[in-house]
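# Per-entry structural report
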Amino acid sequence: MKFRKITKDTKVFPGEYLFHEPSKNIVLVGAFNWESDFIRGLANGRVMEDKITHFKKIILEEHERKKQLKGKCRGCKKA
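The shown structure was predicted, so the numbers you read here are calculated from the model rather than taken from an experiment.

A few words on the pairing of strand E3 (residues 25-33). Here four bridges tie strand E2 (residues 17-20) to E3, and the two strands are oriented antiparallel to one another. Each residue of the ladder has a partner; that of Phe-19, found in E3, is Ile-26. Taking the residues that link successive antiparallel strands as the turn, the E2-E3 hairpin has four residues, and the phi of Lys-24 there is positive, at about 60°. Bridge count between E3 and strand E4 (residues 38-43): five bridges; the pairing is antiparallel. Note that in E4 the partner of Ala-31 across the bridge is Arg-40. Between E3 and E4, which pair antiparallel in sequence order, lie four residues; one of them, Asp-37, sits at a positive phi of approximately 55°.

Printed below as a string of structure tokens:
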């Protein structure tokens with residue numbers, strides 16, 4: 001897992017996960033605003049808001065992405 005700094009060219013969407021450096025938490029993005037310089041999101045079940053510079057994008061490598069896709073539920077699948 002790698003982290004990339006968020007710049008003006010970076011696209012951040014609600015529902016995306018970012019890394020919050022000061023608290024070392026993964027945050028689910030709820031609101032993103034360049035003009036007001038803040039990101040609002042959920043971390044550990046609580047709403048938090050901080051400056052954009054304190055967040056980094058999470059970049060998964062190919063083998064990490066494949067590892068996450070293996071665990072699908074097959075409970076409703078017909079035999």
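Once that is clear, we can look at the pattern of salt bridges. Following the criterion strictly, the structure yields three salt bridges and no others. One salt bridge connects Lys-56 with Glu-21, and the closest N-O pair in it is separated by 3.4 Å. Of this pair, Lys-56 sits in strand E6 (residues 55-59) while Glu-21 sits in the loop between E2 and E3, and the two are 35 residues apart along the sequence. Given a relative accessible area of 24%, Lys-56 falls into the partly exposed group. Residue classification places Glu-21 among the partly exposed positions, given a relative accessible area of 29%. Between Glu-49 and Arg-40 there is a salt bridge, with the nearest N and O atoms lying 2.9 Å from each other. Overall, the relative accessible area of 35% leaves Arg-40 in the partly exposed class.

What counts, and at which threshold
Residues numbered from 1 in each chain as written. Predicted model: local features only at pLDDT ≥ 70, side-chain atom pairs only at ≥ 80, totals over all residues. Heavy atoms only, no water. Pairing = 2+ DSSP bridges. Helix = DSSP H or I, 4+ residues; strand = E, 2+ residues; numbered from the N terminus. Salt bridge = Lys/Arg side-chain N within 4 Å of Asp/Glu carboxyl O. Buried < 20%, exposed > 50% of the residue type's maximum accessible area, 1.4 Å probe, protein only.

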